[in-house]
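Now for the letters of each chain:
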Amino acid sequence: MKLSRHAFTRFWDVHGWAGVATALVLHVMVFAGAFALFRDELSSWQERAPRTAPAQPAPLAPLVDRALGGAQPRELSLALPGHGAPYLEVHWPGGGGDWTETHVDLATGAVAPPTSQLAVLLYWLHFLYHPRASWGMYVAGLLAVALLLALVTGVLIHIKDLARQLHQFRPGKTVKVLWSDLHKVLGVMGLPFQLMIAFTGAVLGLAGVLLALLSGPALGGDQAAASAALWGGGRDARPSGRPGRALDVDRLIARAQAAVPGFQPRFLGLRHIGDAAATATVWGELPGRLFARGEVVLGAVDGRLLSESLTRAPTPGVAIGRWVVGLHYALYGGLVTRVVYALLAAATCLTILSGNWIWLTRREGRAASAGNRLLAKLTIGVGGGVVPATAALFWANRLAPASARQAAEAWTFFGVWALVALLFLARASSRGGWVGLLRASAVAFAAVPLLSSVGTDAHLFNLGRHGRAEVLGVELGLVLLGLALLVTAALVRRRGQRAAAPVARLALGGPGPVGEKA
Amino acid sequence: MRLVLVQAEALLLTYAGFALAQAVARGQPLAIRLGAGAACARALLRLAALGLLGLACGVLARERGWADGGLFALAGLVLVASAFVPLAPVAPRMVWGLALAATPLAAAAGLAARWAT
């Protein structure tokens, strides 16, 4: 199949502009997504005080009372122990709309606020979310649509020689050819993965908007019905106005497990506490069934089963949503699948950034223009800067005192990122460009286990004593990431020395950036 | 542990299958030598490559069911392809050496999975 010249030019323009306009943010989202896949493991690793689960599971109700400390909230949310977290996480709304979060140690009953936000920061960065700026996830959804557009137009412009891209990679040719081949090979080979994350990401990001738009024409503006159709029932049950005493959390969890045999609860949410119509939503999974994650909704006062979405999908929306979330976050196949996804995310980052380099080399004649100069500097400063910033985030977690750790992590991450961006905006070849950036990041990632061994009781080198698999996984993963970055730096350095064009040298880290003296 | 071993077995079989398909497409010396034996040898080699990919899917399906196994096999194939094509010209000894070793390694992983709990 061959496109007409007009169609080819249009698709080419759309592919180029959609890509270059969104590349840097998409790269950051995908990079953070690779870490977000290991959110459970990182959540456990980030809390430095070792916590061990008691041999016998303890009742949770007294621990919840301890955590609340006399507070009587109308809503309550619990993240249950397990999945690498041997503590109970309790959330409830305080004054001013903010939620209070605290952790209860299962063995000692000690109550302490969380000291770190490393895992959640990377998770939120993946979809540009913050509780005070939740519209960020709509932006993320729109960016996913742009990625989808770039992918479809990319396939269309290469459709005539798609088969050749399956094996054409020529590292011995010029840097321009190398990037072009790398972009096309990784784009074509990774297409199923990239299409999947773009489509599911767009659905996840824009679900809220779609819900608001479709509730009008389809359900007469009933937002509650629309929400139930998409997410399942029970979320928007209304209070009756009559008082009622909710069952304790242990009994509610037991009722949910009795209602769906084999059910493994992970979260519990209580709404309208104190009201006769209070509901308990127990969210969890049913092992052995693909994407069987859902909720059991109970009347919190009488423990009556109201609905469940584990053994059956009550609406097509819930069924689709289950696949969308399951595919996007690799909720199948266990740890190895998430490692495979993380590697594919790294390849996607390379595909995205190489697109920017192709854009620049194709405009070599106009490379000195302000726009292209800025793009070249932003690609290394912002796109590359997120790598050492993430390494610095891990350092901040291990070095900052508990009382100031959360703030230190955020300031360090965004501070280092801004500094690197400013450094490369001022002088794009600073510190060896990409090579220096990758080497510094590699050393910083690989050194995290050493920092852990100095400041914490559970680290890679005393695994026999604490036996925490997530510590082994996270710290070994960071060392391997460091080694991979070192190898990449060596490859980039080798290519950079052979690059003749100034833009090529700039992007690869050699001297002589666009429009600057070497 | 058992699941990890089965997934390693599937990934290695996928690697072997993809490498064999690439060897036939690129005209690797070993594939040419094997292909010279008979008129239908190239077609048989392609069939063998497909068989290895199918086997990778099959061992996963036996462990986790067809949907779960199929999704992992697809993700594995995408990863293997994304790594193989750019690495083959850069580090040919490593890439083709692993291709030769992949099937015996997969068999070893499969045997280990039988004993693992």
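Provided above is the structure to which this section pertains.
The rules behind the values
- Residues numbered from 1 in each chain as written.
- Chains lettered and ligands numbered in written order.
- Predicted model: local features only at pLDDT ≥ 70, side-chain atom pairs only at ≥ 80, totals over all residues.
- Heavy atoms only, no water.
- Contact = heavy atoms within 4.5 Å.
- Buried area = accessible area lost by both parts, 1.4 Å probe.
- Salt bridge = Lys/Arg side-chain N within 4 Å of Asp/Glu carboxyl O.
- Polar contact = N/O pair within 3.5 Å; in protein donor to acceptor, adjacent residues only side chain to side chain.
- Helix = DSSP H or I, 4+ residues; strand = E, 2+ residues; numbered from the N terminus.
- Pairing = 2+ DSSP bridges.

1. What to know about the interface of chain A and chain B
Piece 1. Contacts between chain A and chain B engage 25 residues on the former and 22 residues on the latter.
Piece 2. Approximately 1,900 Å² of surface area, both sides summed, lies buried where chain A meets chain B, with 80% of it carried by carbon and sulfur atoms.
Piece 3. Where chain A meets chain B, there are zero salt bridges.
Piece 4. Here chain A is connected to chain B by one residue pair in polar contact (both at pLDDT 80 or more).
Piece 5. Taken together, the elements giving at least two residues each to the side of chain A that touches chain B come down to helix H6 (175–189), helix H7 (191–219), helix H10 (316–328), helix H11 (334–362) and helix H18 (469–498) of chain A.

2. Considering the pairing of strand S8 (residues 305–308) of chain A
Residue and element names in this part refer to chain A.
Piece 1. Two strands pair when backbone bridges link them, and strand S7 (residues 293–299) and S8 are joined in this way by three bridges, in the antiparallel orientation. From the neighbouring strand, Val296 faces S8, where its bridge partner is Glu308.
Piece 2. Remark: five residues form the turn of the hairpin made by S7 and S8, two consecutive strands paired antiparallel; Gly303 in that turn has positive phi of roughly 70 degrees.

3. Remarks on the sheet that holds strand S4 (residues 111–112) of chain A
Residue and element names in this part refer to chain A.
Piece 1. One open sheet holds the eight strands; their spatial order is S4-S3-S2-S1-S5-S6-S7-S8, and the pairing between them is antiparallel. The open sheet has two edge strands, S4 and S8, and neither has a second partner.
Piece 2. Here strand S3 (residues 99–105) pairs with S4 via two bridges, running antiparallel. Residue pairing in the sheet places His103 in a bridge with Ala112 of S4.

4. Considering the environment of Trp323 of chain A
Piece 1. On the secondary structure map, Trp323 of chain A appears in helix H10.
Piece 2. Each C-alpha atom, one on Trp323 of chain A and one on Ile352 of chain A, is 26 Å from the other, the two residues being 29 residues apart in sequence.
Piece 3. Apart from the residues lying within four places of it in its own chain, the contact partners of Trp323 of chain A are Leu290 and Phe291 of chain A together with Leu71 of chain B.

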